[in-house]
Amino acid sequence: MRNLKSPHWRRWLGPEHRCLEAITAFAEPVKGGNQWFGPADPGITMFFAGIEICGWRSVRKLKHGETEDDLFAFLTCPPNAEVAAVHPKAMPVILTSPEEWQAWSSVPVETATNCKGP
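Chains are numbered independently. Their residues run from 1 in the order of the written sequence. Only residues with pLDDT of at least 70 are given local features in this predicted model, and only at 80 or more are side-chain atom pairs given and counted; all residues enter the totals for whole chains, interfaces and linings. To get the side-chain values, all heavy atoms of the structure are used, and hydrogens and water are removed first.

Student: It is not clear to me how the overall build of the chain should be interpreted in this structure. Could you clarify?
Tutor: In terms of helices and strands, the chain carries four helices and eight strands. Ordered by position from the N terminus, the helices and strands of the chain form the series α-β-β-β-β-β-β-α-β-β-α-α. With the C-alpha coordinates of the chain rotated into their principal frame, the extents come out at 45 × 40 × 25 Å. Burial analysis of the chain (118 residues in total) assigns 28% to the buried set. Elements are defined by DSSP. Helices are runs of H or I of four residues or more, strands are runs of E of two residues or more, and each kind is numbered from the N terminus. Categorising residues by exposure relies on relative accessible area from a 1.4 Å probe, with only protein chains included: less than 20% of the type maximum marks a residue as buried, more than 50% marks it as exposed, and the intermediate range marks it as partly exposed.

Below is the structure:
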């Protein structure tokens, strides 16, 4: 999710749909494989800031008809220098402190993202 101001995301930005997805590293595709990124301190706890919608009903493929699916999206932000060398547009929002986890889970989206709101 790059654009939180998009009307597409607006209804899912409340705390009831926010989630934290535990990660140890993430990868960006490069020719011949993946470029992996991880913390300098391997003991650090990290999460993607995400949105989840459980039990979403839709027709994604006509041959399957209506299905019920659990959906997940993670937020992105401008890349840091290391990621920008591989993916210049964006990188995942990575939360590393209890204060960040709490903020993403509970405060208004404008506060949690330091943006002007949807």
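Student: How should I be thinking about the pattern of salt bridges in this particular structure?
Tutor: A side chain of one charge can pair with a side chain of the opposite charge if their charged atoms are brought near each other. Only one rule defines a salt bridge in this text: a Lys or Arg side-chain nitrogen within 4 Å of an Asp or Glu carboxyl oxygen. All chains considered together, the criterion is met by two salt bridges. Residues Arg57 and Glu66 are paired through a salt bridge, measuring 2.8 Å at the closest nitrogen-oxygen approach. Across the pair Arg57 and Glu68 runs a salt bridge whose closest N-O atoms are separated by 2.8 Å. On the criterion of sequence distance, the pair formed by Arg57 in strand β4 (residues 46-59) and Glu68 in strand β5 (residues 66-74) is long-range, its members being eleven residues apart.

Student: Hey, could you run me through the nonpolar core in this one?
Tutor: Met1, Leu4, Leu13, Ile51, Leu75 and Trp104 are the most contacted members of the largest nonpolar core, which has 13 residues in total. In contact with Trp104, other than residues within four places in its own chain, are Arg18, Cys19, Leu20, Ala49, Gly50, Ile51, Leu75, Leu95, Val109, Ala112 and Thr113. To define a nonpolar core, start from buried Ala, Val, Leu, Ile, Met, Phe, Trp, Tyr and Cys residues and group those joined through side-chain atoms within 4.5 Å. If you look at the next biggest cluster of nonpolar residues, it comprises seven residues, including Ile23, Phe26, Val83 and Met91. Whether two residues touch is decided by their heavy atoms; if any such pair falls within 4.5 Å, the residues are in contact.

So, to be careful, I would describe these as geometric facts and stop short of saying anything about function.
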